[in-house]
Amino acid sequence: MAEPTPLLQTAGSGGTGLYMLIGTLLVVLVGAFVWYLLNQQSAAISSQSIALASGIHGLSSAQKKRNNAIVLVGPMGAGKTALWTRLRFPDSTAQPETQTSMSVNAAEAHINESNAYLVDIPGHQKYRLDRDSYLPMARGIIFVVDSTRLSETIRSTAELIYDVLANAKVQTNETPLLLLCNKQDDPMALSNARVKALLEDEIDKLRASRQAGLDSLRDANVAASGAAAGDEDDAAADERISDFLGYDGKKFSFEDLPNPIQLNESSLVLGHDTSGLEQIESWIADTLHS
Amino acid sequence: MLDQFTIATKGGIVLWTKAYAPITHRPVDSLVQDVLIQSTRLDNSSNKYHAGTYSLQWTFANELNVIFIAVYQKILQLPYLEDLLHHVKKHFVTRFQQEIKLLVDSECTVFPDFGDFEQEFEQIWRAVEDRETKERIAGKQGGVPRKFEDTKKFQTTAKGAKLELEELAQSSEMDLGRKTGGKMRSWNERGLAASDDSKGATAASKKGKKGKKAKENRVWDGQVTKESMKALDFSSEKDSEHEGGSHAIASLVDERARGERTVDGIYEVADVAERSVSGDSDSFVLLGDSALDNDNKEDSNDRAASGGIFGIFKSLTSGRVLTADVLAEPMARMREHLANKNVAADVAEEICQTVARGMIGVRVGGLQNIRRLVEQSMETALTRILTPVSSTDIIRDIEQAQLQHRPYTMAFVGVNGVGKSTNLSKVCYWLLQNNKRVLIAACDTFRSGAVEQLRVHVRNLRALSESNQNVEIFERGYGKDSATIAKDAIAFGAANSFDVVLIDTAGRMQDNEPLMCALAKLVSVNSPDKILFVGEALVGNEAVDQLEKFNQALRDFSGQSKPRHIDGIILTKFDTIDDRVGAALSMTYTTGQPIIFVGTGQTYTDLRKMNVSQVIRALLRV
């Protein structure tokens, strides 16, 4: 009598064992799913709040996949943030004043029925690395220049535009560049042609002095950590090789570059003609569609 | 009182501003450029900045990316400003939180209106001002004036001194237990009374002054008095002395710092005590926004109160706000890591504080790794510090000077033995490779062999370059004034169309005032285009001291209204350090000037340009 009952019991427990197995699997799956969701959400919260706060700036993978980024660069006080707010809030009658930026402004904007992710990078030299992190994924670059102060700041402005154009990704992607001569409302403002000529002269001189520069610090001096360091080193070496813009022996000209470069005049002061703004918007729309 | 109050986003969009007087020269822009971006060390620790005729104070609301700036005349002192900033921030943030968030929302196409804030601002300002005046009045007339007995003057009068003596006598009686008689005190007594020595001595001297001096027997040389014999008798064993003895001996050893005895009976010294972290977290609380911290503490208390597991789940989904105590531990570890990499102690401290201040109040997801975030923000902060602000393109500068038909002058300064002459010749080699004509001015007239050393370098460089005419040395021997030699050298260079003049100075310690004076004179007489401070990469905390004192000396002893300061840094002996590149960070942080050259060896080609990303990687690598 004792024997059948144990058999029954084992048969019964076999069935429940199967259920238990399925049960635990389900629990594990659900747990993993919840964990994944929580992770995504926490990452989203962090990146949102970190994007809001300044100082911490690692581009998340989601941001890197964007293909509609328009990057606004240029020297300090050129009017990048003003342009950014004009494009961002086109329906406002009262546009806000702007001051020196100390963090990146990045947001989506509707421009001529297309969505552009506008990125306004502060002009201060300290944000060079932010600029270098955004340039590779840019679909178009707007280089804003203060036409009234260009002659005094020609060296730093030329260095800036050189850095932008010599960026490896900008060269390989042949990113279109819009050179915006801003502050045309001022009578002292230089015209398009004058700005182009000044910049080309200065870049010409810069080419030569850059080639004459010293080699950068190699990883060999700092304790190397293996292949990763070597790869970075090669990338840096490649960057140096492609640092030279235009053709050797021929005076630099913007037409020598593979990137389509356009020059526009603009004045972003309310009340003055806004035709500049419309041209900018159409350029952005064209760039995003091409 | 206030000239302007501005509320703006960190991205540069002005949300609300009110000007009470016309503002000139845009002080807010200079504040942002000089202080907030470059994070140069402020002379005083307060959040105050001077620009032209204005003073500025500011505060941040980190979680919403907003900065509040108050501008007022420099001559005024407004003690209520910090209060005002704090309250305005609280009110603005609570009222316009939604509108601020709309700024990053792509659906919004109209700029939100913040004009309603004006009325509220006026109210807050009036309230803060009233409260401050009330406190000031209350403070002046506050309560009853002090009693005469409580003032210092009373203590110098006879009555006051007597009272003090009585007090002292009471306290010392308990310790000593007996009178201190005789001229010489025994060793035990001295040991006992060591702690009360000052009190006892003053009490005794005062007693002596007050009371009549008893007639004492004259002690001749060679004679020994009975009292002194007793005092010199160390053989006797008295009960009270025994206690006193052990008391004295016990004071020689600090029980807490005792080491351990190992199993073998060997006594091992205790380890150096670790710096306590609690003190630092206190300073964080002081630095960070106290109101926000209070709010956060309330939030976390609420959360904790709402049930253990449920609370955890809530924090997981909605994230938590970073506070000072959460950040204290990772920050302390980061500071230690930086110190291990040879970053100067105060520089590491300040950088960690700045980074922590920027992170307080930020909301992060529940599963986010705080340490990862700290590392990322640290990387950004360090990169920003090390990235040069001004151009480091020397060749371009030289061409600019050529257009003005004058030679480009560079002065090499530094303490003894860092490698000025060696790196000067490396720079000279590089310039020769770029077809510049270089004149080396031997202004080290102190150290024996300095001029000969440069002569040898010039000989080598001539052999290495194609034309012999491109490099020359200008020297006037030893013992002469270096400022005049430099002046003659520059005149010679201009007359003979040299492109660059490199001035080699004598090494000098930063504390040596006459030598620093002489250096400041050389700089002010000749005003070189670039003053390069040569520092070795091996230096640690000394780097900060050297640079500060050099800059200060150039400022104080120059006698000019706009004194020069160090324009660039040459980091030498870089091949001797492996990973410990902290000196680069300390030096750049202290001066704000870029590292122009890096010396990596002793041959002429061992000169490199600074690579910021590489140094950052080496710094943050474990």
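Predicted model, so just to flag it, every value in this text is computed and none were measured.

How each quantity is defined
Residues numbered from 1 in each chain as written. Chains lettered and ligands numbered in written order. Predicted model: local features only at pLDDT ≥ 70, side-chain atom pairs only at ≥ 80, totals over all residues. Heavy atoms only, no water. Patch = residues over 30% accessible without salt bridge, like charges linked within 9 Å, V, L, I, M, F, W, Y side chains within 5 Å. Areas by Shrake-Rupley, 256 points an atom, 1.4 Å probe, with all protein chains shown as cover. Salt bridge = Lys/Arg side-chain N within 4 Å of Asp/Glu carboxyl O. Helix = DSSP H or I, 4+ residues; strand = E, 2+ residues; numbered from the N terminus. Buried < 20%, exposed > 50% of the residue type's maximum accessible area, 1.4 Å probe, protein only. UniProt positions renumbered as here; feature names shortened; annotations may be inferred. Expected span 1.5 Å × (residues − 1). Contact = heavy atoms within 4.5 Å. Pairing = 2+ DSSP bridges. Core = buried A, V, L, I, M, F, W, Y, C linked by side-chain atoms within 4.5 Å. Axes fitted to C-alpha atoms, helices over the stretch in contact; angles between N-to-C directions. Parallel < 35°, antiparallel > 145°, perpendicular 65-115°, else oblique. Left-handed = near helix turned anticlockwise from the far one by under 90°. Nonpolar A, V, L, I, M, F, W, Y, C, P; charged D, E, K, R; others polar. pLDDT = per-residue confidence, 0-100. Phe/Tyr/Trp six-rings, centres within 6.5 Å; stacked < 30°, edge-to-face > 60°. Lys NZ or Arg CZ within 6 Å of the ring centre and 35° of its normal.

Digging into a nonpolar patch on the surface
Residue and element names in this part refer to chain A.
So, step 1. Judged by side-chain polarity, Leu18, Tyr19, Leu21, Ile22, Leu25 and Leu26 come together as a nonpolar surface patch covering roughly 670 Å² of accessible area.
So, step 2. Considering the arrangement of structural elements, one finds leucine 18 in helix 1 (residues 4–52).
So, step 3. Overall, leucine 18 belongs to the exposed group, its relative accessible area being 52%.

Thoughts on the UniProt feature "transmembrane region" (unreviewed entry) in chain A
So, step 1. Residues given the UniProt feature "transmembrane region" (unreviewed entry) here are residues 17–38 of chain A.
So, step 2. The span residues 17–38 of chain A carries 100% helix and 0% strand; its end-to-end C-alpha distance comes to 31 Å.

A short note on unusual backbone geometry
So, step 1. One non-glycine residue with positive phi stands out, namely lysine 183 of chain A, at about 65°.
So, step 2. Within the secondary structure layout, lysine 183 of chain A lies in the loop between strand 5 (177–182) and helix 7 (192–211).
So, step 3. The exposure class assigned to lysine 183 of chain A is partly exposed, which follows from its relative accessible area of 28%.
So, step 4. Positive phi, normally seen in glycine, also occurs at histidine 405 of chain B, with a value near 55°.

A short note on the UniProt feature "domain: SRP54-type proteins GTP-binding" (unreviewed entry) in chain B
So, step 1. Mapped onto this numbering, the UniProt entry annotates "domain: SRP54-type proteins GTP-binding" (unreviewed entry) at residues 594–607 of chain B.
So, step 2. For residues 594–607 of chain B, the helix share is 0%, the strand share is 43%, and the end-to-end C-alpha distance is 16 Å.

So, helix 21 (residues 542–556) of chain B
Residues and elements named next belong to chain B.
So, step 1. With 15 residues, helix 21 ought to run about 21 Å at 1.5 Å a step, and its terminal C-alpha atoms sit 21 Å apart, in line with that.
So, step 2. Among the residues making up helix 21, those that are buried are Ala543, Val544, Gln546, Leu547, Phe550, Asn551, Ala553 and Leu554.
So, step 3. In the core, the buried residues of helix 21 are packed alongside helix 14 (345–359), strand 10 (408–413), helix 20 (513–526), strand 14 (530–536) and helix 22 (582–591).

Notes on the pattern of salt bridges
So, step 1. Using the criterion set out here, one finds 32 salt bridges over all chains in the structure.
So, step 2. The partner of glutamate 202 of chain A in a salt bridge is arginine 396 of chain B, with the nearest N and O atoms 2.7 Å apart. Of this pair, glutamate 202 of chain A sits in helix 7 while arginine 396 of chain B sits in helix 16 (residues 394–403), placing the two residues on different chains. Both residues of the pair, glutamate 202 of chain A and arginine 396 of chain B, count as buried.
So, step 3. In this structure, the salt-bridge partner of lysine 549 of chain B is aspartate 545 of chain B, at a minimum N-O distance of 3.1 Å. On the criterion of helical spacing, the pair formed by lysine 549 of chain B and aspartate 545 of chain B is a turn pair, its members being four residues apart in helix 21.

A word on the sheet that holds strand 14 of chain B
Residue and element names in this part refer to chain B.
So, step 1. One open sheet accounts for eight strands, arranged 12-11-13-10-14-15-16-17; its pairing is mixed. In this open sheet, the two edge strands, each paired with only one partner strand, are strand 12 (471–474) and strand 17 (607–608).
So, step 2. Strand direction decides the pairing type here: strand 10 and strand 13 (residues 500–505), joined by five bridges, are parallel. Directly across from threonine 409, in strand 13, lies its bridge partner valine 501.

Points about the nonpolar core
So, step 1. Of all hydrophobic cores here, the largest spans 94 residues; its most connected members are Ile351, Met410, Phe412, Leu431, Leu502 and Phe597 of chain B.
So, step 2. Counting residues in hydrophobic clusters, the runner-up holds 54 residues, among them Met102, Leu160 and Leu257 of chain A together with Ile69 of chain B.

Quick word on the pairing of strand 2 (residues 105–111) of chain A
All names here are of chain A.
So, step 1. The element strand 2 is largely enclosed, with a buried count of five among its seven residues.
So, step 2. Here seven bridges tie strand 2 to strand 3 (residues 114–120), and the two strands are oriented antiparallel to one another. Within strand 3, the position partnered with alanine 106 by the bridge is valine 119.

So, the packing of helix 13 (residues 324–340) of chain B against helix 15 (residues 370–386) of chain B
The angle between the axes and the distance between the axes are what describe a pair of packed helices.
All names here are of chain B.
So, step 1. Interhelical geometry of helix 13 versus helix 15 gives an angle of 50° and a closest axis separation of 10 Å. If you check the angle between helix 13 and helix 15, you find them oblique. Of the two elements, helix 13 crosses helix 15, and the hand of that crossing is right-handed. For the pair helix 13 and helix 15, contact is made by Val326, Leu327, Pro330, Met331, Arg333, Met334 and Leu338 and by Ile370, Arg371, Val374, Glu375 and Met378, respectively.
So, step 2. Classifying every residue of the contact of helix 13 with helix 15 by side-chain character gives nine nonpolar, no polar and three charged.

Points about the confidence of the model for chain B
Residues and elements named next belong to chain B.
So, step 1. When pLDDT is averaged across chain B, the result is 76; 73% of the residues are at 70 or more.
So, step 2. Low pLDDT, under 50, characterises residues 177–186; the predicted model gives this stretch 10 contacts beyond four residues in sequence or across chains.
So, step 3. When the criterion is pLDDT under 50, residues 239–245 qualifies, and its contacts beyond four places in sequence or with other chains add up to three contacts.
So, step 4. Interface confidence for the predicted complex, given as ipTM, is 0.72, next to a pTM of 0.67.

Points about the packing of aromatic side chains
All names here are of chain B.
So, step 1. With the rule as written, the count across this model stands at 16 aromatic pairs over all chains.
So, step 2. For the pair phenylalanine 5 and tryptophan 16, a centre-to-centre distance of 6.4 Å together with 55° between the ring planes defines the contact as tilted. A residue pair is termed long-range when its members are at least 10 positions apart, and phenylalanine 5 in strand 1 (residues 2–9) and tryptophan 16 in strand 2 (residues 14–19) qualify at 11 residues. The pair formed by phenylalanine 5 and tryptophan 16 is uniform in burial state, with each residue classed as buried.
So, step 3. Through a chain of ring-to-ring contacts, three or more aromatic side chains come together here, namely Phe5, Trp16, Tyr20, Phe68, Phe92, Phe96, Phe117, Phe121 and Trp125.
So, step 4. Stacked on the ring of phenylalanine 498, the Lys or Arg arginine 437 has its end atom at 4.3 Å from the ring centre.

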